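Residue-level structure breakdown
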Amino acid sequence: YQQPASNGVRPEWSGKTVRLPGFVVPIEFDDTAVSTFLLVPFVGACVHVPPPPANQLVLVSPTRPFESGGLFEPVQVEGILGIATISTYLADVGYTMSDARIELYDL
């Protein structure tokens, strides 16, 4: 799949504490315990359909592994947003979030 070009990231968001909803695409995991994941804006992004632009993806490292209920479970992450140019095996990513808190998101 070809990833669309990014329109750039928002440098003024760097270092800000943010809360973002989305869906989990595991990058590093042990069974259902996910230690690193991509936060994507819609179900199936990066897995079943082409990835969205890098400026719509966040590479998340939770404070502790997150017990994921699967790709269709919406979550909300909260943490300090960083800007980075990272390539994973699934997509290029424009943002990072470390020590993130994750909770289920009620649509």
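Right above here is the structure, for reference.
Below is a short write-up of the structure. All of these numbers come straight from a predicted model, not from anything done at the bench.

**Topic: the nonpolar core**
- In terms of nonpolar packing, the biggest core is built from 14 residues, with F37, V60 and V77 touching the most fellow members.
- Among the elements of the structure, β2 (33-40), β3 (58-62), β5 (74-87) and β6 (92-104) are those that each provide at least two residues to this core.
- Per element, the largest residue contribution to this core is four residues, and it comes from β6.
- Setting aside chain neighbours within four positions, we find V60 in contact with S35, T36, F37, L39, V77, M97 and A100.
- In this structure, V25, I27, A45 and L57 belong to the second largest nonpolar core, which totals eleven residues.

**A look at the layout of surface pockets**
- The calculated volume of the largest pocket comes to roughly 220 Å³.
- In terms of lining residues, the largest pocket is bounded by 15 residues, among which L20, N55, Q56, V58 and Y95 are the most central.
- Contributing elements (two or more residues each) for the lining of the largest pocket: β1 (17-30) and β2.
- Residues that form the lining of the largest pocket fall into these classes: eleven nonpolar, three polar and one charged.

**Focus: the pattern of salt bridges**
- What the rule picks out here adds up to three salt bridges.
- Linking E78 and R19 is a salt bridge whose minimum nitrogen-to-oxygen distance equals 3.4 Å. One end of the pair, E78, is in strand β5; the other, R19, is in strand β1, and 59 residues separate them in sequence.
- Judged by relative accessible area, which is 23%, E78 ranks as partly exposed.
- E78 serves as the salt-bridge partner of R101, at 3.5 Å between the closest nitrogen and oxygen. Linking R101 in strand β6 with E78 in strand β5, this pair joins segments that are 23 residues apart in sequence.
- Look at the salt bridges and you will find they share partners, linking R19, E78 and R101 into a network.

**Thoughts on the packing of aromatic side chains**
- Applying the stated criterion across every chain yields a total of two aromatic pairs.
- Note on F37 and F66: the rings are 6.4 Å apart at their centroids and 40° apart in plane angle, and the pair reads as tilted. Pair noted here: F37 is in strand β2 and F66 is in strand β4 (residues 66-67), with a separation of 29 residues, a long-range link.
- Of the residues examined, F37 reaches a relative accessible area of 0% and is grouped as buried.

Definitions and limits used
- Residues numbered from 1 in each chain as written.
- Predicted model: local features only at pLDDT ≥ 70, side-chain atom pairs only at ≥ 80, totals over all residues.
- Heavy atoms only, no water.
- Core = buried A, V, L, I, M, F, W, Y, C linked by side-chain atoms within 4.5 Å.
- Buried < 20%, exposed > 50% of the residue type's maximum accessible area, 1.4 Å probe, protein only.
- Helix = DSSP H or I, 4+ residues; strand = E, 2+ residues; numbered from the N terminus.
- Contact = heavy atoms within 4.5 Å.
- 1 Å grid on protein atoms, 1.4 Å probe; cavity = no way out; pocket = protein on both sides within 12 Å on 5 of 7 lines; lining within 4 Å.
- Points joined across faces, edges and corners; volume = space filled by probe spheres on them.
- Nonpolar A, V, L, I, M, F, W, Y, C, P; charged D, E, K, R; others polar.
- Salt bridge = Lys/Arg side-chain N within 4 Å of Asp/Glu carboxyl O.
- Phe/Tyr/Trp six-rings, centres within 6.5 Å; stacked < 30°, edge-to-face > 60°.

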